Amino acid sequence: MSDTPIILIAEDDAGHFALAKKNLWRTCADVQVIHFHNGREVLDYLFEHSGRQTHPAHRYLLLLDIKMPLLDGVSVLERIKAHPELRKMPVFMLTTTDSPVEIDNCYQIGCNFYIVKPADYMQFMEAIESLGAFLSTPGLAIPEIDRPSTSNWN
C-alpha cells in the first residue's frame, strides 16, 4: 500500500473544490483526491452501502467544509469522531466560518486542524499550497482505517 493518503474533500462550492484540488496537486502531485458535494455523500462513502467491507485499510485525510447542504460539516465530524475506527482519520475543517465559538466547538469534537478559507483568491491558493506542503512532509504519520462494515451512520 502506498504511504500517500487519499484526500477526501467535502465541499459544496465547485470553485473552492477546484482551487483546493489544483493547489494540493501543485505540492503533492501523486495524491488521490475524492470530491463529495455534501456531508451525506462523504458519510455514505465511509460507511459502505453494501453492509460489508469491500476495501482494505486506507490512509484517509478529510478536508471538511462546515456549511454544506443535506448534512453540515459539524454533524459529519461528530459522526466520524464517535466511530471507533473512523475517529483515527485526520479531519481538517476548511471553511469560511471564523467564529471563535465554532472553531472551539470543532476542536472539542475532535477536528485535527481548523483552516479559515481566506476571501482573497491568492491567499486561499497560498493556504492550500501550505496544506499540501504539510501533507507532503516525509514521515507524516496518517493512520490506516478500515471502513465500517455497516451503512448505519444515522
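What counts and what doesn't
Residues numbered from 1 in each chain as written. Predicted model: local features only at pLDDT ≥ 70, side-chain atom pairs only at ≥ 80, totals over all residues. Heavy atoms only, no water. Helix = DSSP H or I, 4+ residues; strand = E, 2+ residues; numbered from the N terminus. Contact = heavy atoms within 4.5 Å. Core = buried A, V, L, I, M, F, W, Y, C linked by side-chain atoms within 4.5 Å. Buried < 20%, exposed > 50% of the residue type's maximum accessible area, 1.4 Å probe, protein only. Phe/Tyr/Trp six-rings, centres within 6.5 Å; stacked < 30°, edge-to-face > 60°.

**Overview of the side chain of Lys81**
As for its position among the elements, Lys81 is in helix H3 (residues 73-82). Sequence-distant contacts of Lys81, that is, excluding residues within four places in its chain, are made with Arg87, Met89, Val91, Ile109, Gly110 and Asn112.

**Focus: the nonpolar core**
Leu8, Leu62, Leu64, Ile80 and Met93 are the most contacted members of the largest nonpolar core, which has 27 residues in total. Mapped by element, the contributors of at least two residues to this core are strand S1 (6-10), strand S2 (32-36), helix H2 (39-46), strand S3 (58-64), H3 and strand S4 (91-95). For this core, the leading source of residues is H3, giving four residues. When sequence neighbours within four positions are dropped, the list of residues in contact with Ile80 reads Leu43, Leu46, Leu62, Leu86, Arg87, Met89 and Val91.

**Regarding the packing of aromatic side chains**
If you walk through the whole model with that rule in mind, you get three aromatic pairs. Ring geometry for Phe36 versus Tyr45: centroids 5.3 Å apart, planes at 55 degrees, classification tilted. Look at Phe36 and you get buried, because its relative accessible area is 6%. With a relative accessible area of 21%, Tyr45 lands in the partly exposed category. On the basis of an interplanar angle of 50 degrees and a centroid distance of 5.9 Å, the ring pair of Phe92 and Phe113 is categorised as tilted. Taken together, the positions of Phe92 in strand S4 and Phe113 in strand S5 (residues 113-116) put the pair 21 residues apart, joining distant regions of the chain. Residue class for Phe92 comes out buried when judged on its relative accessible area of 6%. Through a chain of ring-to-ring contacts, three or more aromatic side chains come together here, namely Phe36, Tyr45 and Tyr60.

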